[in-house]
Amino acid sequence: MASSSSPPPASRGARSSSSSSSSRASPQAAAPTPLPGSRRRRPTGLEAPRSPDEEEEEEEEEEESGPGADTDSGSDFERTLRSRDGKRAAHEAQGSRRGPKQLRKDNHSSDAQKSMRGGNLFEAVKLGKSIIESVLDEWLESYKEDHDLGFLELVNFLVQSCGHKGVVTYEMLKSLQNSHIIQQLTESFHENSADYPLSLSTPAWRRFRRGFCEVMAVLVHHTQYDVVYDEYLMDNLIALLTGMSDSQVRAFRHTSTLAAMKLMTGLMHVALSVSLQKDNSQRQYESERAKGLNRRAPEKLEELLEQHKEFQEKQKELENLMNAIFKGIFVHRYRDLVPEIRSICMEEMGQWMQHYSTSFLTDGYLKYVGWTLHDKQGEVRLKCLLTLQELYRNQEMASRMELFTSRFKERMVSMTLDKEPQVAVEAVRLLTLILQNMEDVLTDSDCESIFPLVYASSRPLAVAAGEFLYKNLTCRLWAPEGCARGDEKPCEGARAFLEQLLPFFMESEFHDHAAYLVDSLWDCAAHLLKDWQGITGLLLEEPPAEGAPDFPLPAWGTPQQQLRSAMQRGSPSHAGHWRAPKESQQQSGRAASEAAAGEENKEEPRSGFNDQQESALIMTLVASMRQATEGQPPIGRVSGKKTLTARERKIQAADRLRLTQHLIPLLPPLLAKQFSADVEKVVPLLEAPRYLDLRLYSTGRLEKYLELLVAQLWNVVEKHTDKEVLETSARTLSALCCPELAFYSRVDSARSCFVDQLADKFQHEASELLQSSFVEEDVYSLAATLRRIAVFHSAHDLTPWGLFAPCTHLLRHAVDTGEVPKQVVIPAMTCSHFSLLWEVAHLSSSTSSGSLPSQVQLLDLKEKVTSFCSLCQSCLVDTDSDIQEQAFVLLSDLLLIFGPQLARRGQEVLQVLVCKAEPALQSQLAGFLMDHIFSHTEACEMDHEDKELQIEALHQRRSLLAGFCKLIVYGVVELSAASDVFKHYAKFYNDYGDIIKETLNRARQIDRTEWAHTLLLSLQQLLTQLLLEQGLAGIESSAFLEIRDLARRFSLLFGLHRLQYRSALVKLHKDGIKFAFEEPASPSSKLGLVNLPFLELLSEFSPRLLHPDKALLLSYLNTMSQAHASHQGELCWASVVVYRHSLSPPEDAAAPQPCSAAKKIPGSAAKRKRLDESSVLGSPTPSSSSRLQTPLLTSTALKGRPPLLILPAGPQESSSEPEFVHRVPPLDSQHSREACPSQSQQDGSGLGQRLDRLILMEETEDKQESTGEEEDGAEFME
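**Points about the overall build of the protein**
When helices and strands are counted, the protein shows 62 helices and 0 strands. When each of the 1278 residues of the protein is scored for burial, the buried share is 52%. Considering only contacts in the protein between residues 6 or more positions apart, those separated by 24 or more positions represent 77%. Summed over its atoms, the accessible surface of the protein is roughly 60,000 Å², and 50% of this surface lies on carbon and sulfur atoms.

**Overview of the environment of Leu 305**
Position of Leu 305 among the secondary structure elements: in helix 15 (residues 298-333). With 24 residues separating them along the chain, Leu 305 and Ser 281 place their C-alpha atoms 8.0 Å apart.

**Some points on helix 38 (residues 744-771)**
Taking 1.5 Å per residue, 28 residues should reach 40 Å; helix 38 reaches 40 Å between its end C-alpha atoms and fits that length. Among the residues making up helix 38, those that are buried are Val 747, Arg 751, Phe 754, Val 755, Leu 758, Ala 759, Phe 762, Glu 765, Ala 766 and Leu 769. Buried residues belonging to helix 38 abut helix 36 (703-719), helix 37 (723-736), helix 39 (776-795) and helix 40 (804-817).

**What to know about the confidence of the model for the protein**
Looking at the protein as a whole, its pLDDT mean stands at 76, while 71% of the residues score no less than 70. In the predicted structure, residues 545-607 sits below a pLDDT of 50 and forms 86 contacts with residues beyond four places in sequence or in another chain. Scored below 50 in pLDDT, residues 1149-1278 shows 206 contacts in the model against residues more than four places distant or in partner chains.

**Topic: the nonpolar core**
Core analysis: the largest hydrophobic core is formed by 320 residues, its most contacted members being Phe 330, Tyr 392 and Phe 1077. If you tally residues by element for this core, the top one is helix 14 (residues 250-289), at 13 residues. Setting aside residues no more than four positions away along its own chain, Tyr 392 makes contact with Ala 398, Met 401, Phe 404, Thr 405, Met 412, Leu 430, Leu 433, Ile 434, Asn 437 and Met 438.

**Description of the pattern of salt bridges**
Counted according to the given criterion, the structure contains 43 salt bridges. Between Lys 262 and Glu 348 there is a salt bridge, with its nearest N and O atoms 2.9 Å apart. Of this pair, Lys 262 sits in helix 14 while Glu 348 sits in helix 16 (residues 339-355), and the two are 86 residues apart along the sequence. Owing to a relative accessible area of 21%, Lys 262 belongs among the partly exposed residues under this scheme. In this structure, Glu 426 and Arg 429 form a salt bridge, with 3.0 Å as the shortest nitrogen-oxygen distance. In this pair, Glu 426 and Arg 429 both sit in helix 22 (residues 421-437), 3 residues apart, roughly one turn of the helix. Classification of Glu 426 as buried rests on a relative accessible area of 5%. For Arg 429, a relative accessible area of 37% puts it in the partly exposed group. Overlapping salt bridges bring together Asp 246, Arg 253, Arg 333 and Asp 336 as one network.

**Remarks on a negative patch on the surface**
A grouping of Glu 133, Asp 137, Glu 138, Glu 141 and Glu 145 is seen on the molecular surface, where their side chains present a negatively charged patch. Considering the arrangement of structural elements, one finds Glu 133 in helix 8 (residues 132-145). Its relative accessible area of 43% is what places Glu 133 among the partly exposed residues.

**Looking at helix 24 (residues 459-474)**
End to end, helix 24 covers 22 Å across 16 residues, agreeing with the expected 22 Å (1.5 Å per residue, within 8%). Burial within helix 24 is extensive, with 14 of its 16 residues counted as buried.

**Re the packing of helix 36 against helix 37**
Their axes nearest at 10 Å, the elements helix 36 and helix 37 cross at an angle of 155°. The pairing of helix 36 with helix 37 is recorded here as roughly antiparallel in orientation. Pair helix 36 / helix 37 crosses with left-handed handedness. Touching Leu 706, Leu 709, Val 710, Leu 713, Trp 714, Val 716 and Val 717 of helix 36 are Val 725, Leu 726, Ser 729, Leu 733 and Leu 736, all from helix 37. Of the residues in the contact of helix 36 with helix 37, the class split is 11 nonpolar, 1 polar and no charged.

**Observations regarding the packing of aromatic side chains**
Tallied over the full model, the rule gives 36 aromatic pairs. Ring geometry for Trp 714 against Phe 754: centres 4.2 Å apart, planes inclined by 10°, an arrangement best described as stacked. Of this pair, Trp 714 sits in helix 36 while Phe 754 is found in helix 38, placing the two residues 40 residues apart along the sequence. Ring-pair connections join several aromatic residues into one group, and the members of that group are Phe 326, Phe 330, Tyr 334, Trp 352, Tyr 356, Phe 360, Tyr 365, Tyr 368 and Trp 371. Positioned above the aromatic ring of Phe 408, the side-chain terminus of Arg 407 is 5.1 Å from the ring centre. The side chain of Lys 1070 reaches across the aromatic face of Tyr 1116, ending 5.7 Å from its centre.

**Some thoughts on the packing of helix 46 (residues 947-969) against helix 48 (residues 989-1006)**
Helix 48 packs onto helix 46 with a crossing angle of 5° between their chain directions and a minimal axis gap of 10 Å. Looking at the two axes, helix 46 sits roughly parallel to helix 48. Residues Leu 954, Arg 957, Arg 958, Leu 961, Ala 962, Cys 965, Ile 968 and Val 969 of helix 46 form the contact with helix 48, whose participating residues are Asp 991, Tyr 992, Asp 994, Ile 995, Ile 996, Thr 999, Arg 1002 and Ile 1006.

**Let's talk about unusual backbone geometry**
Peptide bonds are, in most cases, trans, and in most cases residues other than glycine have a negative phi. For Asp 440, which is not glycine, the phi dihedral falls at a positive 55°. Tracing the sequence through the fold places Asp 440 in the loop between helix 22 and helix 23 (444-450). Residue classification places Asp 440 among the exposed positions, given a relative accessible area of 63%. At Arg 701, a position not held by glycine, the phi torsion is positive, near 55°. Tracing the sequence through the fold places Arg 701 in the loop between helix 35 (696-699) and helix 36.

**Things to note about the state of the cysteines**
Two cysteines form a disulfide when their sulfur atoms are joined by a covalent bond. Throughout the structure, instances matching the rule amount to 0 disulfides. Cys 869 supplies the cysteine sulfur nearest to Cys 915, a cysteine that is in no disulfide, at a spacing of 5.5 Å. Relative accessible area serves as the criterion here: at 10%, Cys 915 is assigned to the buried category.

**Some words on the environment of Gln 282**
Among the secondary structure elements, Gln 282 is positioned in helix 14. Its relative accessible area of 27% is what places Gln 282 among the partly exposed residues. For the pair Gln 282 and Leu 305, spaced 23 residues apart in sequence, the C-alpha to C-alpha distance is 8.1 Å. At 2.9 Å, the side chain of Gln 282 and the side chain of His 308 are in polar contact.

**Quick word on the environment of Thr 257**
Tracing the backbone shows Thr 257 in helix 14. Thr 257 sits 72 residues away from Ile 329 along the chain, and the two C-alpha atoms are 7.0 Å apart.

Here is what the cut-offs are and how they apply
- Residues numbered from 1 in each chain as written.
- Predicted model: local features only at pLDDT ≥ 70, side-chain atom pairs only at ≥ 80, totals over all residues.
- Heavy atoms only, no water.
- Helix = DSSP H or I, 4+ residues; strand = E, 2+ residues; numbered from the N terminus.
- Buried < 20%, exposed > 50% of the residue type's maximum accessible area, 1.4 Å probe, protein only.
- Contact = heavy atoms within 4.5 Å.
- Areas by Shrake-Rupley, 256 points an atom, 1.4 Å probe, with all protein chains shown as cover.
- Expected span 1.5 Å × (residues − 1).
- pLDDT = per-residue confidence, 0-100.
- Core = buried A, V, L, I, M, F, W, Y, C linked by side-chain atoms within 4.5 Å.
- Salt bridge = Lys/Arg side-chain N within 4 Å of Asp/Glu carboxyl O.
- Patch = residues over 30% accessible without salt bridge, like charges linked within 9 Å, V, L, I, M, F, W, Y side chains within 5 Å.
- Lys, Arg positive; Asp, Glu negative; His and termini not counted.
- Charge placed at Lys NZ, Arg CZ, Asp CG, Glu CD.
- Axes fitted to C-alpha atoms, helices over the stretch in contact; angles between N-to-C directions.
- Parallel < 35°, antiparallel > 145°, perpendicular 65-115°, else oblique.
- Left-handed = near helix turned anticlockwise from the far one by under 90°.
- Nonpolar A, V, L, I, M, F, W, Y, C, P; charged D, E, K, R; others polar.
- Phe/Tyr/Trp six-rings, centres within 6.5 Å; stacked < 30°, edge-to-face > 60°.
- Lys NZ or Arg CZ within 6 Å of the ring centre and 35° of its normal.
- Disulfide = S-S within 2.5 Å.
- Polar contact = N/O pair within 3.5 Å; in protein donor to acceptor, adjacent residues only side chain to side chain.

Have a look at this one:
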């Protein structure tokens, strides 16, 4: 139990001697130095661990106090209930010093029984707070009539609020001390549930909690003028709450702490009121004394002096009460084991500091909040941060917390990376308040640790960091009063803000994340980011002349230097206007000053942004347009998709209209102002029309700007061959070509003319190049034209231009001759691919609308698809890796689109178009995977490349693998083809583990038997490859252990429901045994049965078998062994022994152990059975057929054991198995641990414990499955 530093319980009706003589100090004096007893308390299980800062400071205080400092004797509740006899003697000794209680008459017994229940208050709180005041008024009247009965009712209300069903009787209240009463309540607290009213979260009990807090507040408020000072109610109530707060029962501690903290909050408000009255009386007294002798009233002076003394006594009394609560309850419960109790303490302390700052806002109290910032529970840390926010929000209070800020600033900054998202958000908001109200506290390094959070995936955290960034930028540009009034010009404010924001954006090295930065700043700086008029005006300014310096942007990181340099240049001042140079202010004479002022007020000519700044500004502009029109966070930022309110939708529509009206005339000039030649600038500008209300082109009669925009769009397409620019142009043109728009015919006509030019140019250049040699200049022109056509074909239907035939003609020529360069081949393949997709889309849409396509159309498309797939298949063996990758991607997409699902969902007429991957094609696709995906050569070559390029290459490889896995999942290729992927599951787990695992799970749902066969095929391929590369020596290498580890991972995929996979597992084992005893193809081969080690891999799947299946497989294994007995001298049959042991019943498995005949475990048969079941390798008992048998060795054990020795053939053949048994560690069962202790220690007993866990999980299922296993077992072997 946590000890308490409160004094012994005071007698009811009179103060205790210790209480009256100790002259309890005020909170100001008491808080900085807690009671000595609280420093010397022993840590108990009810307390949370202290922070290092708290322990260090308490040790310093203890050293300062010295050995002669007064110490507390400790609380009556420090020890546990077992030592209550010793405590009773101590309390009796204390009780001898207490004053006698007032005796009650016998006719009060009925009133005592009524007050004993305390039901009126409890029921009133449960019903609601509307009747709490009236019930408390009635209670107050009864208390004034009889203190003891009134207090008894209040005590029983507290007991009932704890969830206790018992009551405190009048006799207990008269005869027992608080410690004995609480002890009896603790002993009788035998509730079935650990829940109590304050711990329940249902609506009714949440209302009860609010009402309980209201009772404590109203109690103090109604008694603040008389009863609070009667030296009975508050003294005894605080003594009772102090004792309950030290109880072992959580309900007592929680309820009493909440009551005490609310009680102290009420006393704090009363003390504040008394303090104001005292100060008022002091002023009146001083004012009266200041009068002359003739005007002074001595009676009034005496009255004011008495009144002032009365207020002083009341204030001292209240401070003593608060000090008792603080020392007796708070200093122990603020580090209670229960997080809710610690949260209550921190929340209420914030109220004290906020409202009564003169007494509580001191370092002696603040240190408790600082220590609790290190709390392990997020909810407690959150309460501390919310408490500090209220303090730092007031600039006057913040100025008094300099020492606390310097001491705990590092902790507050580190909490911005807290694991609890809400705590991190509130930490950033707290630092924002510190930045705003305390100068020069946060250093550059502190700010730099917060700035990157604007790119966080959590939107609340990013928004909080965005507000911090905004305050950091703006509060040093404009004076606080200017910011508050908002008297800076919008254009000037936006310009100055962008001057600060752009350097941050460029130096953050997240140039592709402007949308995330704008989204973070949107809640606080939307009025600046939506100043599209000012932003576009900056973009249309002329760039700086050659040799002239760029637009002066302050360096990021030191705002003071930024401001100083800006003022020296005559840049915007704190008020947002332009300030004149200092020298001009020193001119003499009024005329000269006026002339100078006229010159000074003229704005200096501003040069435009440089290249990088323009790019950043354009990305910021487009991101703000997207945010204003869509109102959703960017992709990847965690934030639930909110439903916009009517007001938000109205604001969004108004912003969209204003943006459209402003930007439609300016888009063509922006594209024409040298931006069309820069990829980084033109791409975001081309995205802008998608955020506009395009209907305004026709309704606002702005068609001329539409024509200019389309002309600039064609100009951009003619200038660029970059894929990103072309794709953005194609999407923008697709948005303009929407058939629902009134100007669709105009844009469609312009598009047709442009595509006509591209198609004619392509036909002419292709025919010339096919007839002559491929000249470099002509090749570049053809490649550029094809690239434009291919990209536009992805967003627009260009099938009327008949581009498929010339493209396939080019591809055929490239396959036959190899003369066509890849710059032409790749876009030709892409163009042909999209041509086929548009045709099948037309057929599918016509079929859905009821218009069935003709058979000629279907056969023609089928022929095109077949010919194109043949060309792509030929390109898979091309020498250029880029062509191979493109062919693989297009083949994967076409096979998936024209797969079996094409003829489903009412599209049966398209069954003719379904394509199947031939075995040769599947083999080529698998070969591509081996060469480009599962190859270490590429990774080794890129070790010294840039990290971004490595990530890009990995992303590309993952995309290729995902394309092939889709073919497996959708049944386009045979499931057995997945073995080329599954066998790399363990080796490439870090790169492709998630993709392969998902494919494994999806394939298992298709066909379990075929899926199990695919797993077996993967292991067979790996073992065969190992034997071909390393021969028989490979069995002793680490590569074989890696294969066995893969087999173990595969076995885990079968799960615990063994009946579902019974047939698949039996077939897997049977096929594996056949493979193991498979003889070499050449009869003259002297290698013998080289596949026998495969049985060790099969042993990993044995624990998943049912016992009847194990017996049948063991019989099958023996049959195969006898059939190949002539090969026993050619290869060690150690693998056979391992596999046989994994299938053998327990009595057979224990036979080969050399130490199995040692002394038996003493005890009964039941005990031996339990010990056998808890053996390390999980050996099942002989009598239980429902136990899961485990293999002799597992992959984990193999990694720790020496490699198996291959015994030589010849005279040692007959002893090969016994010698192998001596080399293999025996079963680490309970028998072997007693007989061979040293050997069992080397084997590692932790392995069996993990396997036993699996046995226990399957025991219940085995009992249900054991019935009928023998009858059904034979059919699975046939």
